[in-house]
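# Examination of the molecular architecture
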Amino acid sequence: MSSSLAALAALAQRLRDLHHEEAPLILPNAWDVASAVMVERVGAKAVATSSSAMAASLGYPDGEVMPADDMFAAIGRIAAAVSLPVTADIEGGYGLSAGEIVERLIAAGAVGMNIEDTDRTDGAEALVSADRQAERIAAIRAAADAAGVPLVINARIDIFLRGDGTATERMAEAIDRGRRYLSAGADAIFPIWLTDAELIGQIVHQAAAPVNVLLRPGAPSIAELSALGVRRISVGGGLARHALLVAESVARQLLAGDSTAFADVGEG
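Read on for an overview of the structure. (Residues numbered from 1 in each chain as written. Predicted model: local features only at pLDDT ≥ 70, side-chain atom pairs only at ≥ 80, totals over all residues. Heavy atoms only, no water.)

A word on the environment of S249. Position of S249 among the secondary structure elements: in helix α11 (residues 238-255). Between the alpha carbons of S249 and A261 there is a distance of 9.9 Å; along the sequence they are 12 residues apart. (Helix = DSSP H or I, 4+ residues; strand = E, 2+ residues; numbered from the N terminus.)

For helix α9 (residues 197-207), every residue scored as buried is listed here: I200, G201, I203, V204 and A207. Projection of α9 onto a plane perpendicular to its axis shows the buried side chains occupying an angular sector of 160°, all on one side. Away from its buried face by more than 90 degrees, α9 exposes E198 and H205. Tucked into the core, α9 has its buried residues touching α7 (159-162), α8 (167-184), β8 (188-191), β9 (212-214) and α10 (222-228). Measuring from the side-chain oxygen of the N-cap residue of α9 to the backbone nitrogen of E198 gives 3.0 Å; that N-cap residue is D196. (Buried < 20%, exposed > 50% of the residue type's maximum accessible area, 1.4 Å probe, protein only. Arc of directions from axis to C-beta. Contact = heavy atoms within 4.5 Å. Polar contact = N/O pair within 3.5 Å; in protein donor to acceptor, adjacent residues only side chain to side chain.)

With that settled, consider the pattern of salt bridges. Within this structure, the stated rule accounts for 19 salt bridges. With a closest N to O distance of 2.6 Å, R104 and D69 form a salt bridge. Taken together, the residues R104 in helix α5 (residues 98-108) and D69 in helix α4 (residues 68-81) connect sequence positions 35 residues apart. Taking relative accessible area as the criterion, R104 reaches 27% and is therefore assigned partly exposed. (Salt bridge = Lys/Arg side-chain N within 4 Å of Asp/Glu carboxyl O.)

To continue, consider the sheet that holds strand β10 (residues 232-234). Pairing in this open sheet of 3 strands is parallel, and the strands run β1-β10-β9 from one edge to the other. On the outer flanks of this sheet lie β1 (25-27) and β9, each paired with one strand and no other. Here the strands of the sheet are splayed against their neighbours by 20° on average, with no regard to which way each runs. The pairing of β9 with β10 spans 3 bridges and is classified as parallel. Residue pairing for β10: V213 is matched across the bridge by I233. (Pairing = 2+ DSSP bridges. Axes fitted to C-alpha atoms, helices over the stretch in contact; angles between N-to-C directions.)

Relative to the helices and strands, A251 resides in helix α11. Taking the C-alpha atoms as reference points, A251 and A261, separated by 10 residues in sequence, lie 9.3 Å from one another.

So, on to the packing of aromatic side chains. Applying the stated criterion across every chain yields a total of 0 aromatic pairs. Residue placement shows R216 over the ring face of W193; its charged tip is 3.8 Å from the ring centre. (Phe/Tyr/Trp six-rings, centres within 6.5 Å; stacked < 30°, edge-to-face > 60°. Lys NZ or Arg CZ within 6 Å of the ring centre and 35° of its normal.)

Shown next, in the form of structure tokens:
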């Protein structure tokens, strides 16, 4: 194994280990080099990218509209700028094969990924069958292991985002999908959009593996999620939205003739 692959393999193992520490892994998702460097500077233990924020920064809407080449190039710039493990949100995989996904992530310097079970190939957004997604995860795991970099796979479950049925039915589907994805080789599962504390606790118990929860309006606090046994907490495009809201507020003040915001923070 080359020294570069060995270094990436070590980062992948570090990222995997972070999912099993006493405190949950908190990920303030980055979208470019500046935000990634800031996340590292404030003490994050890993850098996760946000597909929605990255796409917006490059002039595209979310949902695999951004060209894959642009996405992997941005991931590469981020990974080159930080010393932390980088895990990349690659949405549904941009139509790439398992081997291509692994090859391009490793080339970019990433050691983990989010892969979601939504299919956008025909322009619509539909859930991939659990069997098909499990097969895809198994293929990614096999390709990563063969490449010598055991990428950390965070399998996103989209049933609460766009699934049908009652809450009970969707919960049963989420648990079934989680078990299938973990059996196929995923390291963690991500039931996105789930905010009910009781249901989160049930998934944590049933999964017996790291669970990722997205912080969004209505979600439990970090302390509550930690008490429920959640091992990974992320914010998606939330940090980018906060940054833009602050920048917008300061820009409005400036255009109104108020320059006080630049007395301490400005060019220099």
